[in-house]
Amino acid sequence: MSYRPAVDVSDRLTARVEGSRDALVGALSEAIAIPSVVPTFPGERREDHLGREGDVARLLARVLEGCGCEIDVFGLEPGRENCVAVLRGRGGGRSLILNGHVDVVPPQPDSDWTGGDPWSGRVDDGQVWGRGACDMKGGLLAEAFALRAVAESGIRLRGDLIFQAVVGEEMMEHELGTTACLERGYRADAAVVAEPSPHGAPLAICPTTPGVMWFTVTAMGKGAHSGMRAETIRRGGAGSAVGVNAADLAWLLQGELLALERDWSKRKHHPLFRPGSFTVHTGVVYAAPAAGPMPFGLAEKAVLECILWHAPDDDPDTVRHEVEARLRAVGERPEWRGREGPRIEWRHHWPAAKEAVDSEIVAALRAAHAAAHGDQPTVEGFAAVADSTYLQRGGVPAVTYGPGDIALAHAADERIAIDEVVAAARTYALLAAGWCGT
Ligand SMILES: [Zn+2]
């Protein structure tokens, strides 16, 4: 099967996309200026952010208005609306979803941003700046303008082309976003999620993601005056009868998690991932005396909030058992004498996405990229999780492919190169023609 659109179709679509560059940049700036922080982000007040996701959805609906597609702005919760636009095909072709999320993570602190404004959407040095530029309003707008280019080019696709701008991705709320779209009937024969590309591999095709697990480890100590430290740790002292510093226990647990991570770097391999890609990351460590965060007492409680990235083919239960066995063994060391061992709470699992590298959508995307750019794309694993997992689980073969560098996602001075956004839009338009048929 040929996925390459005829040369005149390619030329027309490419010219349309290039002709819309200024409008695309304008709409991207506008989208970034809407502070669509996911309202359920820990530590954020829901009411401060509720409604902004819906504002981005409505902006995208306006971008696509008048180009002949059916637009559906809907949400399962007020203020958290998705935008779906369907460009109906004339029949006899395969359908395609172009998917992306409208929500972003908080930008704090503002002082880390050049110019002090994470929502500026300013255009400077060939780039658009602001929270969400690469994760992933740049990709979303590239998809929207690809759909516009197809619609306005006069080329009638055979299969349906479906744009999905979804909420809640950053907090793992796929049931409000991507899964809600699938359940509303917006399904297709394949999907592309416009997440940014791996660091150092611009516009790479990512058929696979790792799986991610969020877990919490709690260690209970025993409070006492910090002057009792010597008594609690010296040989022959009163030991845990007087006190146990939970901060020390946290240190031991973290040491074991780092050892596990080193072990994984030697043991876990995957052909699409660079060595050492599967990691155990402790992002929050908290330990304090019951009286509060001052060090004149032994810490009564320590909490580690951790994320682990497991290999796509790992069995999730095996991974959980391995972590639990390692941490339980720490709880049997002398420092824990007479104490309850560490408690492990599994908070969330986002399963891996696993599209075959020789699947039809990967072949079609390779052909579209090559036709748009004249070179062969890199094919590698994605460095984070994406809604491609839930598209696949909903029965839609899915990959990620998008503009921007994931190293800038969730960071200060997030930005995206305009040339790369337009380049991605060209690929999406040619993919639509090649996959859906003309
Ligand atoms: Zn993202």
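The structure this text deals with has already been given above.
The shown structure was predicted, so the numbers you read here are calculated from the model rather than taken from an experiment.

Asks: Summarise the coordination of the zinc ion; cite the residues concerned and give the values.
Replies: For the zinc ion, the full set of protein donor atoms is His-101 (NE2), Asp-135 (OD), Glu-195 (OE) and Glu-195 (OE), at a range of 1.9 to 2.6 Å. Classification of the site at the zinc ion rests on its four donor atoms, whose angles at the metal span 53 to 144°, yielding the label irregular.

Asks: Would you mind going over the pattern of salt bridges in detail, with residue names and values included?
Replies: In total, this model carries 31 salt bridges according to the counting rule given. Linking Asp-419 and Arg-21 is a salt bridge whose minimum nitrogen-to-oxygen distance equals 2.9 Å. Linking Asp-419 in helix α12 (residues 418-436) with Arg-21 in helix α2 (residues 21-32), this pair joins segments that are 398 residues apart in sequence. Overall, the relative accessible area of 53% leaves Asp-419 in the exposed class.

Asks: How would you summarise the sheet that holds strand β2 (residues 81-87) if you had to cite specific residues and measurements?
Replies: Ordered by their spatial adjacency, six strands build an open sheet running β1-β2-β6-β3-β7-β12, and the pairing between neighbours is mixed. Of all the strands in the sheet, the pair left with one neighbour each is β1 (70-75) and β12 (398-400). Taking the axes of each pair of neighbouring strands and ignoring which way they run, one obtains an average angle of 20° across the sheet. As defined by bridge partners, strand β7 (residues 191-193) adjoins β12 across three bridges and the pair is classed as parallel. Residue pairing across strands places Ala-191 opposite Ala-398, the latter belonging to β12. In the packing of helix α10 (residues 360-373) onto the sheet, the strands contacted are β3 (96-101), β7 and β12, and the crossing angle to β12 comes to about 40°. Packed on one face of the sheet, α12 meets β3, β6 (161-166) and β7 and runs near 150° to β3.

Asks: Which residues make up the packing of helix α1 (residues 7-19) against helix α5 (residues 133-152), and what are the values?
Replies: The geometry of a pair of packed helices is captured by two quantities: the angle between their axes and the separation between those axes. Across the interface, α1 lies against α5 with an axial gap of 9 Å and an inter-helix angle of 125°. In terms of axis orientation, α1 runs oblique to α5. As α1 packs across α5, the resulting crossing turns out to be right-handed. Contacts between α1 and α5 involve Leu-13, Arg-16 and Val-17 on the former and, on the latter, Ala-149, Val-150 and Glu-152. Split by residue class, the contact of α1 with α5 holds four nonpolar, no polar and two charged.

Asks: Account for α10, with residues named and values stated.
Replies: Over its 14 residues, α10 runs 20 Å from end to end, which matches the ideal 20 Å to within 8%, given 1.5 Å per residue. Along α10, the positions that sit buried rather than exposed are Ile-361, Val-362, Ala-364, Leu-365, Ala-367, Ala-368, His-369, Ala-370 and Ala-372. Tucked into the core, α10 has its buried residues touching β3, β7, β12 and α12.

Asks: Before we move on, could you go through the packing of aromatic side chains and cite the residues and values that matter?
Replies: Across all of its chains, the model carries four aromatic pairs by this definition. Ring geometry for Phe-215 against Trp-346: centres 4.8 Å apart, planes inclined by 35°, an arrangement best described as tilted. On the criterion of sequence distance, the pair formed by Phe-215 in strand β8 (residues 211-220) and Trp-346 in strand β11 (residues 343-350) is long-range, its members being 131 residues apart. Assessed through its relative accessible area of 0%, Phe-215 is described here as buried. If you follow Arg-347 out to its NZ or CZ, it ends over the ring of Trp-214, 4.3 Å from the centre.

Asks: How would you summarise the sheet that holds strand β13 (residues 415-417) if you had to cite specific residues and measurements?
Replies: Across the sheet, three strands lie side by side as β4-β5-β13; this open sheet has antiparallel pairing. One side of each edge strand has no neighbouring strand; the edge strands of this open sheet are β4 (123-124) and β13. With respect to the sheet, α5 is in contact with β5 (127-129) and β13, its orientation differing from that of β13 by roughly 45°. Where α12 meets the sheet, it contacts β4, β5 and β13, and its direction lies at approximately 65° from that of β13.

Asks: Before we move on, can you summarise the nonpolar core with the specific residues and values?
Replies: Leu-60 and Leu-96 are the most contacted members of the largest nonpolar core, which totals 120 residues. Broken down by element, this core gets its largest block of residues, 14 residues, from α12. Counting residues in hydrophobic clusters, the runner-up holds 16 residues, among them Phe-74, Val-86, Ala-180 and Ala-398.

Quick notes on the rules
- Residues numbered from 1 in each chain as written.
- Predicted model: local features only at pLDDT ≥ 70, side-chain atom pairs only at ≥ 80, totals over all residues.
- Heavy atoms only, no water.
- Donors = N, O, S within 2.8 Å, 3.2 Å for Na, K, Ca; no water.
- Tetrahedral: all angles 85-135°; square planar, octahedral: opposite > 155°, others 65-115°.
- Salt bridge = Lys/Arg side-chain N within 4 Å of Asp/Glu carboxyl O.
- Helix = DSSP H or I, 4+ residues; strand = E, 2+ residues; numbered from the N terminus.
- Buried < 20%, exposed > 50% of the residue type's maximum accessible area, 1.4 Å probe, protein only.
- Pairing = 2+ DSSP bridges.
- Axes fitted to C-alpha atoms, helices over the stretch in contact; angles between N-to-C directions.
- Contact = heavy atoms within 4.5 Å.
- Parallel < 35°, antiparallel > 145°, perpendicular 65-115°, else oblique.
- Left-handed = near helix turned anticlockwise from the far one by under 90°.
- Nonpolar A, V, L, I, M, F, W, Y, C, P; charged D, E, K, R; others polar.
- Expected span 1.5 Å × (residues − 1).
- Phe/Tyr/Trp six-rings, centres within 6.5 Å; stacked < 30°, edge-to-face > 60°.
- Lys NZ or Arg CZ within 6 Å of the ring centre and 35° of its normal.
- Core = buried A, V, L, I, M, F, W, Y, C linked by side-chain atoms within 4.5 Å.

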